[in-house]
Amino acid sequence: MTNNQTKQQNKTLILGLGALALVRPLMKITGFIHIFGNEAVGSIAMTILISIAWILIVVKKGVQNPIQVLTLAGVSYAAFAIILSGILSPILDGGLQGPLTNPIGFISVFITNILWGLVLGIITLAIPYQKR
């Protein structure tokens, strides 16, 4: 596989992982998150399940630089979540709410998800698997 093919594959993987994480806010919006008992437990459980899925996918793909890929997946999720909030909050709440209305909130969404991806990347790097 050429370097360009690897980069394109990683971009697709990063965007796919970010989109996968949208399951959690969508479950919250639909109320399906309450299958875990309450919203707090559901959010934590879904974050753990998504984290496990991200790690398993990156290991299965044999990604050469899991820290970079998972950190960027955190960035892509943050961007997707902010966009989703910007689209859905006016529809569901009657007005724009969320990170787009608060600069500190906007920045904190990115920082939180960058750190989430970074930690998962470090965990993944510690897992012995054959990197391509």
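What you see is a predicted model; the values in this text were computed from it and never measured. (Residues numbered from 1 in each chain as written. Predicted model: local features only at pLDDT ≥ 70, side-chain atom pairs only at ≥ 80, totals over all residues. Heavy atoms only, no water.)

Colleague: How would you sum up the side chain of S51? Please name residues and give values.
Modeller: Here S51 lies in helix α3 (residues 39-61). In this view, S51 contacts W116 and L120; residues no more than four positions away in its chain are not counted. (Helix = DSSP H or I, 4+ residues; strand = E, 2+ residues; numbered from the N terminus. Contact = heavy atoms within 4.5 Å.)

Colleague: Give me the lowdown on the side chain of T71, citing residues and values where you can.
Modeller: With respect to the helices and strands, the residue T71 is situated in helix α4 (residues 66-93). Among residues more than four places away in sequence, those in contact with T71 are I114, G117 and L118.

Colleague: Give me helix α5 (residues 103-126): which residues, what numbers.
Modeller: Note on helix geometry: an α-helix contains 3.6 residues per turn, so any two residues three or four positions apart are oriented the same way. For α5, which comprises 24 residues, the first-to-last C-alpha distance of 35 Å matches the rise-based estimate of 34 Å (1.5 Å per residue) to within 8%. Every buried residue of α5 is listed here: G105, F110, N113, W116, G117, L120, G121 and T124. In this structure, the buried residues of α5 make contact with α3 and α4. Its side-chain oxygen placed 3.0 Å from the backbone nitrogen of I104, N102 serves as the N-cap of α5. (Expected span 1.5 Å × (residues − 1). Buried < 20%, exposed > 50% of the residue type's maximum accessible area, 1.4 Å probe, protein only. Polar contact = N/O pair within 3.5 Å; in protein donor to acceptor, adjacent residues only side chain to side chain.)

Colleague: Could you give an account of the environment of A73, with specific residues and numbers?
Modeller: As for its placement among the helices and strands, A73 is situated in helix α4. For the pair formed by A73 and N113, sequence separation is 40 residues and the distance between their alpha carbons is 8.4 Å. When near neighbours in sequence (up to four residues on either side) are disregarded, A73 contacts I14, L17, G18 and W54.

Colleague: Before we move on, can you summarise the packing of α4 against α5 with the specific residues and values?
Modeller: A pair of packed helices is captured by two measures, namely the crossing angle of their axes and the spacing between those axes. Where α4 meets α5, the closest approach of the two axes is 7 Å, and the angle between their N-to-C directions is 150°. Between α4 and α5, the crossing angle belongs to the class labelled roughly antiparallel. As α4 packs across α5, the resulting crossing turns out to be right-handed. Taken together, the residues of the contact of α4 with α5 sort by class into 17 nonpolar, 6 polar and no charged. (Axes fitted to C-alpha atoms, helices over the stretch in contact; angles between N-to-C directions. Parallel < 35°, antiparallel > 145°, perpendicular 65-115°, else oblique. Left-handed = near helix turned anticlockwise from the far one by under 90°. Nonpolar A, V, L, I, M, F, W, Y, C, P; charged D, E, K, R; others polar.)

Colleague: So what's going on with the nonpolar core? Which residues, and what values?
Modeller: Membership of the largest hydrophobic core comes to 22 residues, with the highest contact counts inside it found for L17, W54, V58, V69, Y77 and W116. For this core, the secondary-structure elements that each account for two or more residues are α1 (3-20), α3, α4 and α5. At 6 residues, α4 tops the list of elements feeding residues into this core. With residues near it in sequence (within four places) discarded, L17 still touches W54, I57, V58, V69, L70 and A73. (Core = buried A, V, L, I, M, F, W, Y, C linked by side-chain atoms within 4.5 Å.)

Colleague: So what's going on with the packing of helix α2 (residues 23-30) against α4? Which residues, and what values?
Modeller: Interaxial distance between α2 and α4 falls to 10 Å at its minimum, and their mutual angle equals 20°. Considered as vectors, α2 and α4 are oriented roughly parallel to each other. As α2 packs across α4, the resulting crossing turns out to be right-handed. Where α2 approaches α4, its residues R24, P25, L26 and I29 are matched on the opposing element by Y77, L84, L88 and L92. Broken down by class, the residue content of the contact of α2 with α4 amounts to 7 nonpolar, no polar and 1 charged.

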